[in-house]
Amino acid sequence: MSDVTPKRKKLYIETVGCQMNLLDSELVVGKLRNEGYELTDDIGKADTILYNTCSVRQHAEDKIYSALGRIKQLKQLKPELTIGVLGCMAQKDQKQILKRAPHVDIVVGPGQLARVPELLVLAKEQATPQMAVSLPRTAGSNETVTASFAEYDPIREPAMRPTPFQAFVRIMMGCDKFCTYCIVPSVRGPEQSRPAAVIVDEARALADQGVKEITLLGQTVNSYRSVDASGRTFRLSDLLERLHEIEGLQRIKFITNFPNDMTDDLLQAVRDLPRVSRYLHVPAQSGCDEVLKRMKRTYSVALYDDMLDRIRATVPDAAVSSDFIVGFPGESEASFEKSMRLVERGRFKNSYIFKYSPRQGTKADTLFIDDIPEEVKKRRNNDLLVLQTAISQEDNRRLIGQNLEVLVEGPSKSSKGVAVDEIGQFSGRSSCDRIVVFEGHERLVGQFVPVTIEDASGVTLFGRVVTMDLVAPRA
Ligand code: SAM
Ligand code: SF4
């Protein structure tokens, strides 16, 4: 028997887009590590390069096509290199990717990720590109299409997580809302809720691995609904109750919410379960009814306002955040002003603001002309952001003097590279998802610590750890 251990293949992976993509990458890497790969962050040393892609906006796709352009030469110099395009853009562009970048070896949609290891082998063996994508939404019965978007939640990979003590848990796949601007229902397939028992088992396994905070993921996470073998229905509030019982889990978050489904039972669960984060991300997209109608968001501004009132009445200390699209077709100055007014009324913790980006294959792209000039989109984006930042800063400053419980995530952005056993600037998040920066010690990473807030900007709170013993190194 040879005592030479086979050389581990080096894998480089880049992920763009949302948390769902970060989770998918974690799972793909977990699988490939079991197949003998090891991660590298040096693209030049990689045997396999994977891009896990996003197609929500044009900009995200452009980024990947230019990355593929850049590595063309690398492949010429190193023909044994394997290149893969995974995720939403793979599902959307399919063969077009191979036309634009013939040096790509595998194209795998988000509903086929389990096949990545097998396709990497096939691409080499057959010396020809391999593609695995799911069916288009109109290709057959809902069951047939759903079956082509296979559930993919295998073993977890601690090394790929944002931190060893935080993890994402998918509770829903796909989306059936079909907002007119959005590509997600086509590329991530029909809405499916995972069984509650499977989610609870996964969360328990993560807690056993030392995970303290989980973030439940779904495109419309509060529409979650599953029925168990005994016929019992689980809503998100029921699931939260179950997860809350798991020993070791100290914080539970969930994103992204849909306004129509922000039911009172859910708000009561957030109020009554102390380990559930006081944070609700619930995108409005626009403050104008006519625009919402053209977006097919299925709620009115009045419903959204009422939802905000219910949130504030039930969980007064909850932070709410939102998404807005500016420059949607036909958005007049008056319509845009209504979004500005909603931001004023909503007092969001923060808002993610996007310029409308036409997506081929969506209803908005066929029905409407992208008629708002780029400079107008830019100006509206900026105006909304300036207003939101001023509001965030005002509300953040109200927290000065309060003590917040912070999960310490690591050295703050400005002080990366703090040596172990050194005091430096650290950052973490409060239960209401606010970023808190404070002077701390490496050994606080992964701990919940009380921090007194002393100053605040629009995006960050600055504070001091309440017990100085926690900061000073042990004698
Ligand atoms: N499911 C979530 C929801 O309904 O709020 C959002 C998912 S989407 C990946 C994230 C955000 O991207 C959306 O809330 C929306 O603001 C933005 N978005 C989606 N499609 C867009 C488009 N075509 N142009 C600009 N922004 C877009
Ligand atoms: Fe896209 Fe609308 Fe579904 Fe969110 S709810 S993923 S915006 S279609």
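The coordinates are above.
First, a word on what this report is: a plain description of the structure on this page. (Residues numbered from 1 in each chain as written. Chains lettered and ligands numbered in written order. Predicted model: local features only at pLDDT ≥ 70, side-chain atom pairs only at ≥ 80, totals over all residues. Heavy atoms only, no water.)

What follows deals with the site of ligand 2. Taken together, Cys175, Lys177, Phe178, Cys179, Tyr181, Cys182, Val184, Pro185, Gln219, Thr220 and Arg297 make up the full set of residues adjacent to ligand 2. The residue inventory of the shell around ligand 2, partitioned by class, reads 7 nonpolar, 2 polar and 2 charged. (Near = heavy atom within 4 Å. Nonpolar A, V, L, I, M, F, W, Y, C, P; charged D, E, K, R; others polar.)

In this structure, Ile171, Ile214, Leu216, Leu236, Leu240, Leu243 and Phe254 are the most contacted members of the largest nonpolar core, which totals 65 residues. Every residue in contact with Leu216, bar those within four places of it in the chain, is listed here: Val169, Ile171, Val221, Leu236, Leu240, Leu243, Ile252, Lys253, Phe254 and Ile255. Residues Leu50, Val108, Ala132 and Tyr152 belong to the second largest nonpolar core, which totals 26 residues. (Core = buried A, V, L, I, M, F, W, Y, C linked by side-chain atoms within 4.5 Å. Buried < 20%, exposed > 50% of the residue type's maximum accessible area, 1.4 Å probe, protein only. Contact = heavy atoms within 4.5 Å.)

This brings us to helix H9 (residues 196-208). Taking 1.5 Å per residue, 13 residues should reach 18 Å; H9 reaches 18 Å between its end C-alpha atoms and fits that length. Every buried residue belonging to H9 is among Ala196, Ile199, Val200, Glu202, Ala203, Leu206 and Ala207, and all of these are buried. Taken end-on, H9 shows its buried residues confined to a sector of 160°, consistent with a single buried face. With respect to the buried face of H9, the exposed residues turned more than 90 degrees away are Ala197 and Asp208. Buried positions along H9 lie against strand S7 (166-170), strand S10 (213-217), strand S11 (225-227), strand S12 (233-235) and helix H10 (236-244). Once H9 finishes, Gly210 follows within two positions and takes phi at roughly 105°, a positive value. (Helix = DSSP H or I, 4+ residues; strand = E, 2+ residues; numbered from the N terminus. Expected span 1.5 Å × (residues − 1). Arc of directions from axis to C-beta.)

Let's shift gears to the side chain of Asn350. Counting through the fold element by element, Asn350 comes out in the loop between helix H14 (333-346) and strand S16 (351-355). For Asn350, a relative accessible area of 17% gives the class buried. Reaching out from Asn350, the side chain makes a polar contact with the side chain of Lys349 at a distance of 3.0 Å. Contact partners of Asn350, with chain neighbours within four places excluded, come to Val320, Ser321, Ser322, Gln388 and Ser392. (Polar contact = N/O pair within 3.5 Å; in protein donor to acceptor, adjacent residues only side chain to side chain.)

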